[in-house]
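# Examining the three-dimensional arrangement
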Amino acid sequence: MRNVRWYVGGALSAAVTATLVVSSSVPAHAGVPPVPLPVPLPLPTAPLPLPLPTPSTAPLPPLPSLLPPPRVKTPAPTPVQPVPAAPGSPAAPAGGSPGTRPAAGQPAPQPGVPAPTASTPGAIVPPGDAAGIIAADPGADLYPQPPVDPATTPQARLVAQLSDVQHREQYLQNVLIRTRADLAAAQRQVGSVPPLVALLTDGAGPTGPGAAAAQGAVGTPEGRVLALTAAVDAGRAELARRQTEALDLQRQVNSQAQQAMAAPAPGAAAAAGTGTTAGYGGGKLRRPAPGPITSPFGMRFDPYYHVWQLHAGVDIGAPAGAQIVAAAAGRVVQAGWNGGYGNYTCIEHGQADGQRLTTCYGHQQKILVSSGQQVSAGQVIGLVGSTGAATGPHLHFEVRLGGRPVDPMPWI
């Protein structure tokens, strides 16, 4: 009986549920109004155009370096032998060297204070910088040169022409060194190339058919060797022409010097003893120091800088501390430190050969005169030393006409 009641109750519940489902699924055309759906609300609109975000100007942190910093090899300083002091002269300061100490009146180097650079007026060019300077300008002067006078006379124009040819010769010498080095490197890259060797030695030269083919492909190792070989040959030929031209001009300048020494300088006698610049009255100049000529005037491979430079005077192999005398009477126009010349004195003697005559004395251990001072011929003006770009004690002696260097030997 209990089971019958449970069955009847379950059936009534199922019937009621079915009735509710049928009534909720009646279509709209059956008279039942549809249930309204909710209307979507409008979305808010933003004004256009939208402002762009402003980027931050704060600097970004540096990125870590992936490579180690380059190592720069600093050339070792060239050792300089100390110069023995002359009797009665002050000794060099402790820790200094004759090749780097300043002239009298200039402050001595202090510990922790950097030395003057090559661009500083009067500073000596460091030996390690010479190759870079010459690579940028093969005709550059590593020694300071004074201003020159305008070449207004035939004699002055001849001296100016000689100076130009000598600097061109210096330029060619330095360029040839670099070109030969490039040629040697190119030859090592090529290795053994019998056809190329035959082409360069059979007399055909760079005008043969093989040379034309190689010159058309300069990017190849063989073509680069041919091009550099032709450049070296052309440089040698021009250098030989310039050397011949310089020798001819030097002979003419020396001949004019002999004539100038034979004729008295105009106004020299009247100016003597009056305190004026003039003091050269003709004839030979005095030898400024004892000793042999150890390096002549002209082009040379500089023993200090190891590049080609014009040697603007002669080197007299006098011992350290030997007395230096004025070659003629005149007025001191420069006395002090002057770059590679070290302690340097110049004396102006008046006119010779229609040009301003000056004698200069370099690498002195001690200067005994001052700028503006009037000196007489044979007066002691300094002591021989090894200051500046010098490899040992000696006197560097110059004769200049209009500020341009000429060979001193015809004058002394």
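Scope of this entry: the structure provided in the associated data block. In this text, all values refer to a predicted model and were calculated from it rather than measured experimentally.

Parameters at a glance
Residues numbered from 1 in each chain as written. Predicted model: local features only at pLDDT ≥ 70, side-chain atom pairs only at ≥ 80, totals over all residues. Heavy atoms only, no water. Helix = DSSP H or I, 4+ residues; strand = E, 2+ residues; numbered from the N terminus. Buried < 20%, exposed > 50% of the residue type's maximum accessible area, 1.4 Å probe, protein only. Contact = heavy atoms within 4.5 Å. Core = buried A, V, L, I, M, F, W, Y, C linked by side-chain atoms within 4.5 Å. Phe/Tyr/Trp six-rings, centres within 6.5 Å; stacked < 30°, edge-to-face > 60°. Axes fitted to C-alpha atoms, helices over the stretch in contact; angles between N-to-C directions. Parallel < 35°, antiparallel > 145°, perpendicular 65-115°, else oblique. Left-handed = near helix turned anticlockwise from the far one by under 90°. Nonpolar A, V, L, I, M, F, W, Y, C, P; charged D, E, K, R; others polar.

### Quick word on the overall build of the chain
Looking only at helices and strands, one finds seven helices and twelve strands in the chain. The buried share among the 412 residues of the chain stands at 38%. Of the contacts made within the chain by residues no fewer than 6 positions apart, 68% connect residues no fewer than 24 positions apart.

### Comments concerning the nonpolar core
Counting 38 residues, the largest nonpolar core has L285, Y361, L395, F397 and W411 as its most contacted members. Those elements that place two or more of their residues in this core are helix 3 (154-190), helix 6 (221-262), strand 4 (314-316), strand 7 (343-352), strand 8 (355-367), strand 10 (380-384) and strand 11 (395-401). Once you skip the residues sitting within four places of it in the chain, W411 turns out to touch A257, A260, M261, Y280, K284, L285, A352, L357, V399, L401 and V406. Membership of the second largest hydrophobic core comes to 16 residues, among which are V125, L142, Y304 and V307.

### Quick notes on the packing of aromatic side chains
If you walk through the whole model with that rule in mind, you get six aromatic pairs. Where Y341 meets Y344, the ring centres are 4.5 Å apart and the plane angle is 20 degrees; that geometry is what we call stacked. Both residues of the pair, Y341 and Y344, belong to the buried class.

### Quick notes on the packing of helix 3 against helix 6
Two numbers describe a pair of packed helices, the interaxial angle and the distance between the axes. Their axes nearest at 8 Å, the elements helix 3 and helix 6 cross at an angle of 160 degrees. It follows from the interaxial angle that helix 3 and helix 6 lie roughly antiparallel. For the element pair helix 3 and helix 6, the recorded crossing hand is left-handed. Taken together, the residues of the contact of helix 3 with helix 6 sort by class into 18 nonpolar, 13 polar and ten charged.

Any link to function would need more than the numbers given here.
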